[in-house]
Amino acid sequence: MTPQELQTLIQQGENAAVEFKALPLRPEALAREMVAFANSAGGTILLGVADDGTVLGIDGSEQLEEWVMNIARTAVIPALTVTYETVAINATRVAVVGVPKGSDKPYQTGDKYLMRVGSTNRVATQAELMRLFQMSGVFHYDTLPVPNASINDLNMAALDSYFANYGFEFSKEADIARRQLLINTDILAPSGEPTIGGLLMFGINPSRYLPQAAIMFAHFNGLEIAAELIDRQEIIGTLPQQVDAAVAVMKNNLLRPSTIEGMKRKDTRQLPPDKVLREMVVNACVHRNYAIAGSRIRIFMFDDRIECISPGRLPNTVTVAKLRSGVSYASNPVLLKFMDNLRYIDRLGRGFPMIYREMQQIGKEVNVYELGEELRVVLPL
């Protein structure tokens, strides 16, 4: 980091990614900042800077780097790897501690799990802590039972059709055998309630119990969300039904500008291929965080782009840059398994690379980024 970059960082003040700390500093105070950043999106701690931005410096703290590294390794659980450098502003040194977005979430110090919210830290709520554990792979939300649901909420005809592909005559099995088969395949929990994944794949009416499991589609006549609304639809049902319906709705709303040359129509603009639209929706449905209640997948269509917004950040080890290379992680392994078996997806991580490749072939660049607790995919038109 250059002195100019450091000055710019200080001038911006404390925020969701930057924290100022004057010395001397208690070890537990620094550990709390590290934990909060690691459990969120990462950040930078500036040692030797007061809360108001006054540069006080770290002069006399010769063993500061070793002290910082020891805190990251011993006071943060699991141990965290941070970066350290010193930058001088007008001969006054400031220590710049870089805390990455944690790859082994959730992190704690003492008995506290902290999150970064704006320019402050707060103890993670139960829902936030559950999402952190989900991101770490400690448990998977789609394997949890759905309270108050029962086997009667599953579509027996759909199950019969699915198991017929594997040589099972599901409808002819005894009740005990059918129940055990559904438990063995993660469609039912041992308690007898459908799992979230089972209900989303084979439920009669999944939205009755999981209202967040839906897709909201809106087509705007312009470039912003405040523009005139052309079409708006709520898409519900099982995940295969949602995927098929969402792709059909997008295709019906896509206008293909063309001109007539002679007796033939000539398209003047290439639109995203159907398989790109399908893959975008499948990824959103399979990998979204269903633990975030009240937040649905949204597909917004504008004159110049399609935006697909799905609840939930990328898992610990996955970054936006890695998506392009095919790195993937099964946030919802039950959903992934069934969507793979039904030929909606494969487990080889080829989905996003295909989207990038197909769009590049028509001269368009896909934009994927995280915003808060959401992942946004933007397809230019």
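Reading the values: the criteria
- Counting from 1, residues in each chain are numbered in the order their sequence is written.
- Given that this is a predicted model, residues contribute local features only at a pLDDT of at least 70 and side-chain atom pairs are listed and counted only at 80 or more, while totals for whole chains, interfaces and linings are drawn from all residues.
- As a convention, hydrogens and water are excluded, and side-chain values are obtained from all of the structure's heavy atoms.
- Partly exposed describes any residue whose relative accessible area lies between the buried limit of under 20% and the exposed limit of over 50%, with all areas from a 1.4 Å probe on protein chains only and scaled to the type maximum.
- Each helix is a run of H or I in the DSSP string that is no shorter than four residues. Each strand is a run of E no shorter than two, and both are numbered from the N terminus.
- Two strands pair under a simple rule: DSSP has to find at least two bridges between them.
- Angles here are taken between N-to-C directions and fall from 0 to 180 degrees, while the axes themselves are lines fitted to C-alpha atoms, restricted in helices to the stretch in contact.
- In this description, contact between two residues means that some pair of their heavy atoms is separated by no more than 4.5 Å.
- Centres within 6.5 Å are what make two rings of Phe, Tyr or Trp a pair, Trp counting through its six-membered ring; a difference in plane orientation under 30 degrees is then read as stacked, over 60 as edge-to-face, and the rest as tilted.
- Working rule: Lys NZ or Arg CZ, within 6 Å of ring centre, within 35 degrees of ring normal, means a charge sits over the ring.
- Any Lys or Arg side-chain nitrogen located within 4 Å of an Asp or Glu carboxyl oxygen qualifies as a salt bridge.
- Think of a nonpolar core as a cluster: buried Ala, Val, Leu, Ile, Met, Phe, Trp, Tyr and Cys residues, connected wherever their side-chain atoms sit within 4.5 Å.

- Identification of the chain as ATP-binding protein from Thiothrix subterranea is taken from an unreviewed UniProt entry.

1. Some remarks on the pairing of strand β14 (residues 374–380)
Reasoning step 1: A large share of β14 lies buried, amounting to seven of its seven residues.
Reasoning step 2: The alternating pattern of β14 places Glu374, Arg376, Val378 and Pro380 on one face and Leu375, Val377 and Leu379 on the opposite face, and all of these are buried.
Reasoning step 3: With seven bridges connecting them, strand β12 (residues 305–311) and β14 associate as antiparallel partners. Paired with glutamate 307 across the strands is valine 378, a residue of β14.
Reasoning step 4: Relative to β14, strand β13 (residues 367–371) is paired through five bridges, and the arrangement is antiparallel. Within β14, the residue paired with tyrosine 369 across the bridge is arginine 376.
Reasoning step 5: Counting the residues between successive antiparallel strands, the hairpin from β13 to β14 contains two residues, one of them, glycine 372, with a positive phi of roughly 65 degrees.

2. What about the sheet that holds β14?
Reasoning step 1: Strand order in this open sheet of six strands is β8-β7-β11-β12-β14-β13, and the pairing throughout is mixed. For this open sheet the edge positions go to β8 (228–235) and β13, each flanked by a neighbour on one side alone. Here the strands of the sheet are splayed against their neighbours by 15 degrees on average, with no regard to which way each runs.
Reasoning step 2: Helix-sheet contacts for helix α9 (residues 274–287) involve β7 (215–221), β11 (297–301), β12 and β14, and the interaxial angle to β12 is about 20 degrees.
Reasoning step 3: Its contacts with the sheet place helix α12 (residues 351–361) against β13 and β14, and it is angled at close to 25 degrees to β14.

3. Details of the packing of aromatic side chains
Reasoning step 1: According to the stated counting rule, one finds eleven aromatic pairs in the structure shown.
Reasoning step 2: When the centroid spacing of 5.4 Å and the interplanar angle of 55 degrees are considered together, the rings of tyrosine 162 and tyrosine 166 count as tilted.
Reasoning step 3: Residue tyrosine 162 is classed as buried on the basis of its relative accessible area, which comes to 6%.
Reasoning step 4: Stacked on the ring of phenylalanine 170, the Lys or Arg arginine 178 has its end atom at 5.7 Å from the ring centre.
Reasoning step 5: The ring of phenylalanine 302 carries the charged tip of arginine 305 above its face, separated from the ring centre by 3.9 Å.

4. Observations regarding the pattern of salt bridges
Reasoning step 1: Here the structure, examined in full by the defined rule, presents 18 salt bridges.
Reasoning step 2: With a shortest N-O distance of 2.8 Å, glutamate 19 and arginine 116 are connected by a salt bridge. Here glutamate 19, found in strand β1 (residues 18–21), pairs with arginine 116, found in strand β5 (residues 114–117); they are 97 residues apart in sequence, far enough to count as distant.
Reasoning step 3: You can call glutamate 19 buried: its relative accessible area is 6%.
Reasoning step 4: Across the salt bridge formed by lysine 251 and aspartate 274, the nearest N and O atoms sit 3.1 Å from each other. Of the two residues, lysine 251 sits in helix α8 (residues 239–253) while aspartate 274 sits in helix α9, which places them 23 residues apart along the sequence.
Reasoning step 5: Relative accessible area serves as the criterion here: at 40%, aspartate 274 is assigned to the partly exposed category.
Reasoning step 6: Shared partners join several salt bridges into a network, and the residues in it are Glu19, Lys21, Glu33 and Arg116.

5. Describing the nonpolar core
Reasoning step 1: Counting 68 residues, the largest nonpolar core has Met250, Val281, Ile299, Ile306, Ile355 and Leu379 as its most contacted members.
Reasoning step 2: At eight residues, α9 tops the list of elements feeding residues into this core.
Reasoning step 3: When residues no more than four places from it in sequence are discounted, the contact partners of isoleucine 306 are Met250, Leu254, Leu277, Met280, Ile299, Phe300, Met301, Val377, Val378, Leu379 and Leu381.

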